[in-house]
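Per-entry structural report
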Amino acid sequence: VQVYDVFRFVVERKTADGEYSILTSSVNWENPSHNDYTVSPDTQYVYRIHATDGINSSPYTEVAVSTWDSPVITVGPAVKIDDFRWSLHVEAADPDGLADYLTYAWYTISAPENAGEVQFDDYTAKDATVRFSKSGDYALGVRVTDEQQLSVEAQISLTVDQVVNSAAINPPGATVSVNEGQVFTAVAQDQFGDAMVAPSTFAWTLTGEGILTSTGP
């Protein structure tokens with residue numbers, strides 16, 4: 001087929017096992033280029049192009065391309081260090097062979113109500129230590145991005161349990177007259193200074209003269 005006075009190119013695309021569809025039919029012969037921003041990672045595409053003068057068309061020219069692969073990640077279980085801190089780890093690989101260029105970002109997805117900021121010692125490292133300021137259920141996420149800005153995210157859930165750390169007595173002190181009494185109330189507190197949710201058992205002791213009873217004065 002003879003094509004006279006080519007004035008545009010038609011670009012079509014398909015996946016390896018799909019059907020062709022037209023991406024554009026308006027590539028001008030004076031600027032014969034087209035950028036495809038609609039591709040997906042880890043996918044093989046076949047493009048075909050032909051020239052046209054509006055009546056006749058040239059034979060197709062085909063080219064196959066493969067897009068970059070996304071990183072592959074595995075998040076290890078969170079490991080408790082102490083009552084406040086946990087250790088986090090993510091293992092990542094780049095199928096494109098550019099693992100040295102992977103970047104990491106840890107972040108908080110959800111936390112208990114009124115919890116303070118979750119603190120990461122280094123949120124950009126594959127191994128991070130996280131510190132909490134309140135007991136409860138947490139969901140943490142990590143995002144791994146490769147050199148082509150392809151990202152993969154994963155989530156890890158953990159529960160920070162309350163641990164009895166101290167007891168508060170109310171009132172903290174009192175002056176009691178002879179033959180009178182004073183009621184004291186004890187509240188168990190966890191490692192963050194919050195009241196324990198689970199019932200606690202207390203052992204009271206008396207120093208000096210007087211009578212200690214659990215039934216009040």
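Residues numbered from 1 in each chain as written. Predicted model: local features only at pLDDT ≥ 70, side-chain atom pairs only at ≥ 80, totals over all residues. Heavy atoms only, no water.

On to the nonpolar core, then. L88, W106, V130, F132, L140 and L158 are the most contacted members of the largest nonpolar core, which totals 22 residues. For this core, the elements supplying multiple residues, two or more each, are strand 7 (85-93), strand 8 (103-110), strand 10 (127-131), strand 11 (136-145) and strand 12 (151-160). With near-sequence residues (within four places) excluded, L140 lies in contact with L88, Y107, T108, I109, V118, F120, V130, F132, A154, Q155, I156 and L158. (Core = buried A, V, L, I, M, F, W, Y, C linked by side-chain atoms within 4.5 Å. Buried < 20%, exposed > 50% of the residue type's maximum accessible area, 1.4 Å probe, protein only. Helix = DSSP H or I, 4+ residues; strand = E, 2+ residues; numbered from the N terminus. Contact = heavy atoms within 4.5 Å.)

Position of L158 among the secondary structure elements: in strand 12. In this structure L158 comes out as buried when scored by relative accessible area, which is 6%. Distance in space between the C-alpha atoms of L158 and I22 is 49 Å, their sequence separation being 136 residues. Ignoring anything within four residues of it in the chain, the contact list for L158 reads A78, W86, L88, F132, G136, D137, Y138 and L140.

A word on the packing of aromatic side chains. The final tally for this structure, using the stated rule, is three aromatic pairs. Taking 6.5 Å as the distance between ring centres and 45 degrees as the angle between the ring planes, the aromatic pair formed by Y45 and Y47 counts as tilted. Given a relative accessible area of 4%, Y45 falls into the buried group. Measuring from ring centre to ring centre gives 4.4 Å for F132 and Y138, while their planes differ by 45 degrees; the resulting arrangement is tilted. Taking the relative accessible area as the measure of exposure, Y138 reaches 2% and is therefore buried. (Phe/Tyr/Trp six-rings, centres within 6.5 Å; stacked < 30°, edge-to-face > 60°.)

Let's shift gears to the sheet that holds strand 1 (residues 8-15). One open sheet accounts for four strands, arranged 2-1-3-4; its pairing is antiparallel. Of all strands in the sheet, those with a lone pairing partner are strand 2 (21-28) and strand 4 (61-66), marking the two edges. Between one strand axis and the next, the sheet turns through 25 degrees on average, direction left out of account. Bridge count between strand 1 and strand 2: five bridges; the pairing is antiparallel. Looking across to strand 2, one finds that E12 is bridged to I22. (Pairing = 2+ DSSP bridges. Axes fitted to C-alpha atoms, helices over the stretch in contact; angles between N-to-C directions.)

Looking at the element boundaries, T145 is found in strand 11. A relative accessible area of 11% places T145 in the buried class. Excluding anything up to four places from it in sequence, T145 contacts P71, Y101, L102, T103, L150 and S151.

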